[in-house]
Amino acid sequence: KKKKTTPDIEKMARENAVVIFSQSTCCLCHAVKRLFSGMGVSPMVHELDEHPKGKQLYRALMRLVMTTTAAAATGSAAAAVPVVFIGGNLVGGIDAVLASHINGTLTPLLKQAGAIWL
């Protein structure tokens, strides 16, 4: 059963141009959703605390994030959610999203994924 969750994440990450794995009570999740909303992006949001497989998805996301992002390189476990995918690819958490927004790489990424057209 454990091997099934990761493909679920990959499939869920491709459901929309922008996919956010979130917790409904998380202020960082709210901030990242507001950022995308303000940019005219309508992300698919999966609230893990309201999802029937939320705990399994959460564990699989943490494994994925810790093996593929800067958090793994620094040993930092940063905030667990939000986890953002753009165009089916893992971007990371709010730190990675804000860094790419500030350095100007977020908008081209969103255009390439078809999330925005401007």
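Below is a short write-up of the structure. (Residues numbered from 1 in each chain as written. Predicted model: local features only at pLDDT ≥ 70, side-chain atom pairs only at ≥ 80, totals over all residues. Heavy atoms only, no water.)

For Gly-93, the location among the structural elements is in the loop between strand S4 (89-92) and helix H5 (94-102). When the C-alpha atoms of Gly-93 and Pro-82 are compared, they prove to be 5.4 Å apart, with 11 residues separating the residues in sequence. (Helix = DSSP H or I, 4+ residues; strand = E, 2+ residues; numbered from the N terminus.)

Attention shifts here to the packing of aromatic side chains. A complete count under the given rule lists 1 aromatic pair for this structure. Between Phe-21 and Phe-85, the aromatic rings sit 5.8 Å apart at their centres with planes inclined by 75 degrees, giving edge-to-face as the arrangement. Of this pair, Phe-21 sits in strand S1 (residues 18-22) while Phe-85 sits in strand S3 (residues 83-86), and the two are 64 residues apart along the sequence. Assessed through its relative accessible area of 0%, Phe-21 is described here as buried. Judged by its relative accessible area of 4%, Phe-85 is buried. (Phe/Tyr/Trp six-rings, centres within 6.5 Å; stacked < 30°, edge-to-face > 60°. Buried < 20%, exposed > 50% of the residue type's maximum accessible area, 1.4 Å probe, protein only.)

With that settled, the discussion passes to the pattern of salt bridges. When charged atoms on two side chains of opposite charge get close, those side chains can pair. Applying the stated criterion to the full structure yields 2 salt bridges. A salt bridge links Lys-53 to Asp-8, with the nearest nitrogen and oxygen atoms 3.3 Å apart. One end of the pair, Lys-53, is in the loop between strand S2 (44-47) and helix H3 (54-68); the other, Asp-8, is in helix H1 (residues 2-13), and 45 residues separate them in sequence. Of the residues examined, Lys-53 reaches a relative accessible area of 37% and is grouped as partly exposed. (Salt bridge = Lys/Arg side-chain N within 4 Å of Asp/Glu carboxyl O.)

In this section: H5. Every α-helix winds through 3.6 residues per turn, so residues three or four apart in the chain are directed the same way. Within H5 the residues assigned to the buried category are Ile-94, Val-97 and Ser-100. Looking straight down H5, one finds its buried side chains confined to an arc of 135 degrees; they lie on one side. Across H5 from its buried face, at more than 90 degrees, point the exposed residues Asp-95 and Ile-102. Elements that come into contact with the buried residues of H5 comprise helix H2 (27-38), S3, S4 and helix H6 (106-113). At the C-terminal side of H5, Gly-104 shows a positive phi close to 90 degrees. (Arc of directions from axis to C-beta. Contact = heavy atoms within 4.5 Å.)

One open sheet accounts for 4 strands, arranged S2-S1-S3-S4; its pairing is mixed. At either margin of the open sheet sits one strand with a lone partner, and together these are S2 and S4. Across this sheet, the average inter-strand angle for adjacent strands is 25 degrees, counted without regard to direction. Taken together, the 4 bridges between S1 and S2 define a ladder with parallel strand orientation. Its bridge partner being in S2, Ser-22 is matched across the sheet by Glu-47. Along the sheet face, H2 touches S1, S2 and S3 and points at about 165 degrees away from the line of S1. Contacting S1, S3 and S4, H3 crosses the sheet at an angle of about 70 degrees to S3. (Pairing = 2+ DSSP bridges. Axes fitted to C-alpha atoms, helices over the stretch in contact; angles between N-to-C directions.)

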